[in-house]
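# Close look at the chain arrangement
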Amino acid sequence: DPGFARNCFEQIRGFGSYGFPESHAASFAKLVYISSWLKRHHPAAFACALLNSQPMGFYAPAQIVRDAVEHGVEARAPDVNRSDWDNTLARRADGALALQLGLRQIDGLPEADMRRLVARREAGYDSVEELARRAAPPHGALRKLADADALRSLGGGQGRREALWETRRLPDAK
């Protein structure tokens, strides 16, 4: 019946221009308030959670880290002896929380290989050779770790260049 259809349409149109936006706005306002409170009172945890929720499409990980640092958070670079796959929180000497960047922040690393690296870490890796033997990551992953300076805790804190040379000395290096 055209009259019934017109009545239904008018009710839906009336609700559509009022009901949904108001409820949506209220839900969004609550999310914004909670997020703002967390960012203000727990900036390291807030940044860590945002990074572990990527990709979200709003902000690049580098922007999130930069903002956290600008708000007093110590951000620690990915490292094979300190990082998990995901980003984590660590205690600083003064008791405050620091953001330990995870291996997921290094582009192109296979998650399964990096989770194996973390699982086999035990008390840590002492050298590139030991890391390659125990964790058995693909050689390309070792090069990416070296290029990202994530091997600096091996062998007395060698730099990126030395670590890249070490990965090239391995038997199955290409």
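Below: a short report on this structure.

Thresholds, definitions, all that
Residues numbered from 1 in each chain as written. Predicted model: local features only at pLDDT ≥ 70, side-chain atom pairs only at ≥ 80, totals over all residues. Heavy atoms only, no water. Pairing = 2+ DSSP bridges. Helix = DSSP H or I, 4+ residues; strand = E, 2+ residues; numbered from the N terminus. Axes fitted to C-alpha atoms, helices over the stretch in contact; angles between N-to-C directions. Buried < 20%, exposed > 50% of the residue type's maximum accessible area, 1.4 Å probe, protein only.

Bringing the sheet that holds strand 3 (residues 97-100) into the picture now. The mixed open sheet is built from three strands, whose spatial order is 1-3-2. Looking at strand neighbours, the two that pair on one side only are strand 1 (74-76) and strand 2 (88-91), the edges of this open sheet. Neighbouring strand axes in the sheet, compared pairwise and without regard to direction, differ in orientation by 35° on average. Two elements, strand 1 and strand 3, share three bridges in a ladder whose sense is parallel. From the neighbouring strand, alanine 75 faces strand 3, where its bridge partner is leucine 99.

Once that is clear, we can look at unusual backbone geometry. Leave glycine aside and you will find that most residues have negative phi; peptide bonds, for their part, are mostly trans. Residue proline 55 is bonded to the preceding glutamine 54 through a cis peptide linkage, with omega at 0°. Here proline 55 is to be found in the loop between helix 3 (43-52) and helix 4 (61-70). Phi at glutamate 122 takes a positive value of approximately 50°, unusual for a residue other than glycine. Tracing the sequence through the fold places glutamate 122 in the loop between helix 5 (111-119) and helix 6 (128-135). A relative accessible area of 71% means that glutamate 122 is categorised as exposed. Although it is not a glycine, alanine 136 sits at a positive phi angle of roughly 50°.

Geometric descriptors of this kind do not, in isolation, establish any biological role.
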